[in-house]
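Structure assessment
Residue-level listing of the chains:
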Amino acid sequence: MGKKDERFRETLKEEVSEAENVPTNPSEVPTAAEAVDTAQEALQKGLEAMPEEGQKRKRKKMPLASQIFIAMILAIIAGLLLQPHAAFADNYIHPFGTIFLNLIKFIIAPIVLFSIMAGVLSLSDIKKVGIIGGTTIIYYLFTTAFATTIGLIFANIFKPFFPLLSTSGLSYEVTESTSVMDTIVNIFPSNFLTPITQSNMLQVIVMALIIGFAIILLGKKGEPAVKAINLCNDIFMKCMDMILKLSPIGVFCLLCPVIADNGPAIIGSFAIVLLTAYIAYIVHMGVIYSTTVRTLGHMSPLKFFKGMMPAMMFAFSSASSVGTLPLNMDCCEKMGASKEVASFVLPLGATINMDGTAIYQGVCTIFIAACYGITLTPQQMVTIVLTATLASIGTAGVPGAGPIMLAMVLQSVGLPVEGIALVYGIDRIFDMGRTTVNITGDASCTMIVSYLQKRREKKSAARMANV
Ligand code: ASP
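What this report covers is the structure whose coordinates are included nearby. (Residues numbered from 1 in each chain as written. Predicted model: local features only at pLDDT ≥ 70, side-chain atom pairs only at ≥ 80, totals over all residues. Heavy atoms only, no water.)

1. Some remarks on the side chain of S320
Mapped onto the elements, S320 comes out in the loop between helix 12 (301–318) and helix 13 (321–334). Accessibility expressed as a relative area gives 5% for S320, which makes it buried. (Helix = DSSP H or I, 4+ residues; strand = E, 2+ residues; numbered from the N terminus. Buried < 20%, exposed > 50% of the residue type's maximum accessible area, 1.4 Å probe, protein only.)

2. A look at the nonpolar core
By size, the foremost hydrophobic cluster in this structure holds 127 residues, and its most contacted members are F304, M308 and F430. Looking at this core element by element, the count peaks at 18 residues for helix 5 (residues 86–123). (Core = buried A, V, L, I, M, F, W, Y, C linked by side-chain atoms within 4.5 Å.)

3. Details of the packing of aromatic side chains
When we look at a pair of aromatic rings, we describe it by the centre distance and by the angle of the planes. Inspection of the entire model under this criterion finds 9 aromatic pairs. Where F100 meets F314, the ring centres are 5.8 Å apart and the plane angle is 75°; that geometry is what we call edge-to-face. With a gap of 214 residues between them, F100 in helix 5 and F314 in helix 12 connect regions that are remote in the sequence. In this pair, the class of F100 matches that of F314, namely buried. Between the aromatic rings of F304 and F305, the centroid separation amounts to 5.2 Å while the plane-to-plane angle is 70°, which identifies the pairing as edge-to-face. (Phe/Tyr/Trp six-rings, centres within 6.5 Å; stacked < 30°, edge-to-face > 60°.)

4. Regarding the pattern of salt bridges
Here the structure, examined in full by the defined rule, presents 5 salt bridges. Of the charged contacts, one joins D330 and K334 as a salt bridge, the two residues approaching to 3.1 Å between their closest N and O atoms. One end of the pair, D330, and the other, K334, are both in helix 13, 4 residues apart, so they sit about a helical turn from each other. Overall, the relative accessible area of 32% leaves D330 in the partly exposed class. Take K334: its relative accessible area is 68%, and that puts it in the exposed class. Taking the shortest distance from any N to any O, the salt bridge between D427 and R434 comes out at 3.0 Å. R434 sits in the buried class, given a relative accessible area of 1%. Shared partners join several salt bridges into a network, and the residues in it are D427, D431 and R434. (Salt bridge = Lys/Arg side-chain N within 4 Å of Asp/Glu carboxyl O.)

Take a look at the structure:
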């Protein structure tokens, strides 16, 4: 008997046994409704089994991180191809990147305002806000001081290989330079609307804290306000979600002109300075964040960096910590950070925490000093660490903010501010790396503070249970 006959006999046997199983007792005969359910179930199973349908179900949307990554690769290829037509890239591709950044900037002030207010309200305890805020600020200050030190160490190691560029005829206009006292005074808004219209994030944060505290103190009376603020927060988060869907296009349009303008040629003479900064960026992330995330946040560094990939790639392309804020929030929440901590710690970090920028200050100060033939003393290096740490508080995370801080650092050790002109041409390339470090630092703090907060809550719950 052939295989075909055997299969036929098997099928026949199955059919006969099914026919024998047909219920003869009326109580076992299914009702019409049961029959319809069974038929629907069978139909569903059939659809799932159909190869094409099954595939359609499986075909998931490509994750945003992969889309951004592909956009970056395409931007580099297109940028290199467009090098002879850099003006085209500047005039016709870059504007779409600007539109994208404008949309992000438009959403930033309300996001920071409502997310910090919602964060404070969900913590619902001024003391708790104080503890989280205090831990955050201490972490930010320490890691920034470490970052400047790492920048200085690597710059001193690589100094013998730095090109000694001519400093004659250099000029750089100091656009904004604020003293430490000015920075402190400028934190407090003197008007209700200007912090929002001028996107002054520190002032927006102070506004959010004052209003949030007031609502908490109102108690029951403030409940409608809590609902309204949470709703506003949800609305702006949804807006952000919509805008972020455009990020692969935004990333392409922002990165392509940078590559077309600069190309490999400009990097040439600065390669070693850039390399020093990038090594320091990587070492800072790999050593400091890995250690803090593991020891203080009890999280695997690998999991942390993997989870941060979309935000890191976005920061690299956009060179804006504030612009990366929504995506950073998303990444941290997906890695398990609590929403209330993320919505408080990240906006604060995007404004006051800039480890990458601090590394850049260290490297560039040594490079500029070398070009002027000046060797910095250990005391001057300590001054650089202190000034760079404080300077990072006063400058918002937008593209090109670094040189403003660099001016303050150079002035603090008596170096000529015009020296900035030496590195200004390639600032964007420094900026992409330093922004990536900046936002990763904010996220590491979020994961740690979130872990500590959860542990604190568990402990106090256990204590209550024992009472
Ligand atoms: N672009 C950086 C940021 O957004 C600031 C800087 O220029 O260093 O974090």
